[in-house]
Structures are given as C-alpha cells and as structure tokens.
Amino acid sequence: MKTTLYLLISLFILSSCQTSHQVLSKKEDYSFLTDSLKIEQQLEKYKLPGFSLVVFENYKIVYSNQWGLKSANSNEKIDENTAFSTASISKPITSLLCHILEEKGLINLNDPIDKYLKRWH
C-alpha cells in the first residue's frame, strides 16, 4: 500500500510537467502500469476531469498517455501538449519524497542542505 501511494504521488508529479509530442525512444508496453492503476475508475471515484501519465528514461519520454478532459467545464480532451499547474501541491510531495530518500538511507535530513545541493551557493 505504501509503495502504491509513493508511485501515485510520483506519477502526479510527473503528470504536472508539460510534455511535448515526440517519437518515443522505444516501444515499451506500459499496459501493466495503466491497468493496475485503474485510471478511469480513479477519475470517476475522485471526480477528476482528467489525468496525464508520462514515463521518463534517461531524460527522454518513453511513454505518454492521457485520459479525460482538460477541465470539468470543458469538453476538450487532454493531449500531450496540455499543461498542468501544480500550485502548492509540490511542497508536500517534495517533503514526502525527501522522507522516502531518508528511509532508504540516501540522505540525512539533519545534514546541512549544502551537502546535497552543490549549485545552491
């Protein structure tokens, strides 16, 4: 359940990025991912107008798919050029991801931030 929550949060972060239409580097079958997420059922359950999923590999888009409408007031479908606004949702998600990294032993939240952000200075 915890892993599924982390996956969903990661997917929402990725979906908040504007994608550009490009040829995918390889033809992977991601139906296992979209089938297991039951996206259309989730959209109905949470009364969401639409969702976009993008999978990156080596900084390239390898899979992109969209479901639903741009907004509840529109009949316009989401496409690969639809931009999403994340607003303040990125702060708690970033916080959660930092805690995940700490659980895995990749970072220590008590260390000074300068240790991890080299371009920060």
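Residues numbered from 1 in each chain as written. Predicted model: local features only at pLDDT ≥ 70, side-chain atom pairs only at ≥ 80, totals over all residues. Heavy atoms only, no water.

K.L.:
Please set out the overall build of the protein residue by residue, giving values where relevant.
P.N.:
Regarding its fold elements, the protein presents four helices and two strands. Listing the helices and strands of the protein from first to last along the sequence gives α-α-α-β-β-α. Counting the 121 residues in the protein, one finds 24% classified as buried. Counted over contacts in the protein with a minimum sequence separation of 6, partners at least 24 positions apart contribute 49%. When the accessible surface of the protein is split by element, carbon and sulfur atoms take 56% of a total near 9300 Å². (Helix = DSSP H or I, 4+ residues; strand = E, 2+ residues; numbered from the N terminus. Buried < 20%, exposed > 50% of the residue type's maximum accessible area, 1.4 Å probe, protein only. Contact = heavy atoms within 4.5 Å. Areas by Shrake-Rupley, 256 points an atom, 1.4 Å probe, with all protein chains shown as cover.)

K.L.:
Give a detailed account of the pairing of strand β1 (residues 50-57), specifying residues and quantitative values.
P.N.:
In terms of burial, β1 is a largely internal element, six of the eight residues being buried. In the sheet, β1 pairs with strand β2 (residues 60-68) via eight bridges, with the strands oriented antiparallel. Residue pairing in the sheet places V54 in a bridge with S64 of β2. Connecting the antiparallel pair β1 and β2 is a turn made up of two residues, with N58 showing a positive phi of about 50°. (Pairing = 2+ DSSP bridges.)

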